[in-house]
Each structure stands twice: as C-alpha cells, then as structure tokens.
Amino acid sequence: AAGYVGGDDGAGPDAEAAVRNVQRLIEGGFTTFEIAEADADRGGIDDDDKGAASSSKRSGGATRKRKENGIKGRGGDKKGRGGVLVREWAEENVYGRLRKETPPSVLRDCQLATRVDVAPSDCSEFGPPSAVRRAVGEALGRIGGDCLDSVQVPYRADSPYHLDILDALQDMKREGLIRSVSGIDFSSSLVAEAATCGFPLDTNRVKVNLLDPDPYDKFSNAGGGTKLLIGSPLAGGLLTDRFLDARENPGLLYLSRSERYHTETSLRTWVERRGEGGSSDKDTWRRFYKEVLSTLGDMSHRYQTSAASIALRWAMHLDGMGSIVVRTRVGTDGEDEAKPYRRHVDLRGAFKFELEDEDLERLWEISGRRRRRQEEFDNFFGDFDEGSFPGGDGLFLPDPSNQRLWL
C-alpha cells in the first residue's frame, strides 16, 4: 500500500506523526508501503481519505509547512524535482526514523518501497548502471540498513532506458542490495521482454477500478511470474462514501486533485464505453450517480460497510491479482491534528465480508465489462497440453489465493 507522505495539494508532512501512524498500520496488519510522489495522482495511487479540496487558505498553510520542513514543491524547483525532494525527505525522515524506532523483529515482515527515476531519451548525463547504483546507494544511506526492500521503476514513454535500469537493478538484487524489483504501468510486452532478457519484475502496478477495468485485461497476461498490483481501485476517491449523496456534479472547486484527474480519465472512459462520449459533465455525473454511486450505496447499506470497501472487495476478486494498492495520508496537517488516526481501522472493513455472486455480477455490469470467471481460464488452459501454449508473450496463470490488500 502507499503511505502518503507530503505532496503538493495538502499540508506538509509531519515526520513524527507519519512514523507513529505507519506503526499503527503495521500493528493493523498492513506491512507494505510506498512513498507517493508529488504527481502520484497521475501515477495510479488513490488519495481517497482527503475530504474537500484544498482552499487557498489551506494551500497556503501547506506551502508554509513544507518550507518549515525543508521540502520544496514542484513550483519551487526550477528542474521540476519536487517529487524527488519529497521522496528523499520521506526516505530519511519517515523510513529512516521508522527503522530506528521499530523493533527489527517487526520490520522483518515489512516492505518499504522506494523508486528510481527513469531518464528521458534526450538525457545526456544518464549512464546506467553507474547512475542506478548511485541512486540506490544514496537511498540506502537515507533509509539505513543493508538492503532496500523494494525498488520501483515507473514506465516513461519517452525513455529507452527501462531494460538498462532493470539490468542494473537485477545485478544489485543478486548482490543482496535489493530484495525485489517492481514496475509501474509497464506494458505486457515490456514485462515479457524484461523476463526474456533475464530481468523479471516481481510485481507490476497498473490502474484498475470499477469505472475502468480495461487495463486489467491488457496487463494481466504479461507472464514471467510477475504479479499484478491493482492501483487506483477507488478512482482517486470517486468510489467512496464522500459522493454517495452527490446527485449533481459537485464542481471542480469541491473535487481534490486526484478526484479531478479521475473524473477526466476513469469516469470519461466509463461513459465512452457506453457510447455517450459527447455527454455534458452534468449528464455524465448524473448517470454516474444513478448507476454506480447508488449501487455502491445500496450494497454498503446491506453489508453494513463503506462504499470504498465494496469497491475494494470487487478488486480482490480479480483473477491473478497479487495485491491492491490504496493511498492514505500518514502525516497530519494543521486542521486534522486533533482527529484520531483511524485509517488502519477503516481499511480492515474490506476483510469483514464477502460479496455475494449476484452482487459481483452487478458490479461487473455497471463497469461495462463482463466478468472473467476462473473456469474460463481452466477451460482455456485445458485445451492445451503442457508446454504447448501459444504466443510469444507467455501466459499469466491466475492465483486467486494470493489476495492481499496493501496499504
């Protein structure tokens, strides 16, 4: 899961509170964490516990608090390194402090993930593997310990260096400096190519939710033993209780940055799948409320749980899914310091019930896609003898037993 530390649309991080809340999450059974980048709303992690969008007053307070903590936003860095600065700060002040203040016996079962940057094609200073080794060494110095739990490599369309980076990371994995290597939004062909070259990914995270399940079909057959991680299962917060009574479009001023992003992407994709791509924003939202939010509200009432738990439970039923990634804030801001941290309690709600089969079918129906059943995989594979599978990309064998929720 993604522990959200810092960012450019909310208050700056509080290291002490962040470490304390991460420890609460670990006690609640959530043991895998990522650092959300400053532009994470575009990277597939949900900020679904944000509440109302930032007002100018709140944003001003956020800027002041980031400056007090020594963090620059993207607007304050001429080279656009805001996300990198947030990550480096979190590695040292949250991950590093967590390692010092948490018993080794507890951390042994945890995974603290960080990422390396992918250079564009016109970068003249990039020279793997030395640049990758330097980045990993610097992260180790900030976090502490003998090795990094997990290093993530985000896909960048304008870069030719993905395989070079994976090659360098695989060498460091063999040397014991890295425990696992993960991709973010890698295509099936790139995952397969990496495995063929001897640089297999342990996991690959892609954006999938009720409004846009298409990427699941696109990425789930990558093969090579790579587990599929489901990002954006709550569509940036649109699939939560926050909007259950919003019959009309709440407007941009009410929406958080991640909610605006998924309104323009996931929700638009959902409407276009129904042949209504030219609908107005008001008509789109009304249909979203009538078909999706009303259904989630009805199910959450019957199961006595939250709408978010319904959406997460649907994602848990995706065949071949390794884990689900949910974004949450672990720091506090000036408005929430007196509010008890309950995120670990709220997320446990997704494990307290099972969706009935007819409800699963209904959720697939409102997604605009047909449910892929396990027996379809079994029947397909039964048509081939062992070793005679067609296609050069390989096949991904589903493992429904491995269904965990990352926080």
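Residues numbered from 1 in each chain as written. Predicted model: local features only at pLDDT ≥ 70, side-chain atom pairs only at ≥ 80, totals over all residues. Heavy atoms only, no water.

Remarks on the overall build of the chain
- Check the secondary structure of the chain and you find 15 helices and ten strands.
- Classification of the 407 residues of the chain by burial places 52% in the buried group.
- The contacts of the chain with a sequence gap of at least 6 include a subset with a gap of at least 24, amounting to 78%.
- Total accessible area on the chain stands at roughly 18300 Å², and carbon and sulfur atoms take up 46% of it. (Helix = DSSP H or I, 4+ residues; strand = E, 2+ residues; numbered from the N terminus. Buried < 20%, exposed > 50% of the residue type's maximum accessible area, 1.4 Å probe, protein only. Contact = heavy atoms within 4.5 Å. Areas by Shrake-Rupley, 256 points an atom, 1.4 Å probe, with all protein chains shown as cover.)

What to know about the packing of aromatic side chains
- Evaluated as defined, the whole model comprises seven aromatic pairs.
- Between Phe 243 and Tyr 254, the ring centres sit 6.3 Å apart and the planes meet at 85°, which makes this aromatic pair edge-to-face. Placement of the pair is Phe 243 in the loop between strand S7 (227-231) and helix H9 (257-264) and Tyr 254 in the loop between S7 and H9, with a sequence separation of eleven residues.
- What makes Phe 243 buried here is its relative accessible area of 0%.
- A residue is classified by how much of its surface remains accessible, and Tyr 254, at 36% relative accessible area, is partly exposed.
- Joined through ring pairs, the aromatic side chains of Phe 243, Tyr 254, Trp 270, Trp 285 and Phe 288 make up one cluster. (Phe/Tyr/Trp six-rings, centres within 6.5 Å; stacked < 30°, edge-to-face > 60°.)

Comments concerning helix H1 (residues 15-27)
- Across its 13 residues, H1 extends 18 Å between first and last C-alpha, which sits within 8% of the 18 Å expected from 1.5 Å per residue.
- Buried within H1 we find Ala 15, Ala 17, Ala 18, Val 19, Asn 21, Val 22, Leu 25 and Ile 26.
- Gly 29 lies just past H1 and shows a positive phi near 100°. (Expected span 1.5 Å × (residues − 1).)

Topic: the confidence of the model for the chain
- Across the chain, the average pLDDT comes to 78, with 71% of residues at 70 or higher.
- Low pLDDT, under 50, characterises residues 1-12; the stretch is placed with 61 contacts to residues that sit more than four places away or in other chains.
- In the model, residues 39-47 has pLDDT below 50 throughout and makes 45 contacts with residues more than four positions away in sequence or in other chains. (pLDDT = per-residue confidence, 0-100.)

What about the packing of helix H11 (residues 281-303) against helix H14 (residues 357-367)?
- Interaxial distance between H11 and H14 falls to 10 Å at its minimum, and their mutual angle equals 165°. Classified by the angle their axes make, H11 and H14 are roughly antiparallel. Along this stretch, H11 crosses H14, giving a crossing that reads as left-handed. Residue-level contacts link Glu 291, Val 292, Thr 295, Leu 296, Met 299, Arg 302 and Tyr 303 of H11 to Asp 359, Arg 362, Leu 363 and Ile 366 of H14.
- In terms of residue class, the contact of H11 with H14 is made up of six nonpolar, one polar and four charged. (Axes fitted to C-alpha atoms, helices over the stretch in contact; angles between N-to-C directions. Parallel < 35°, antiparallel > 145°, perpendicular 65-115°, else oblique. Left-handed = near helix turned anticlockwise from the far one by under 90°. Nonpolar A, V, L, I, M, F, W, Y, C, P; charged D, E, K, R; others polar.)

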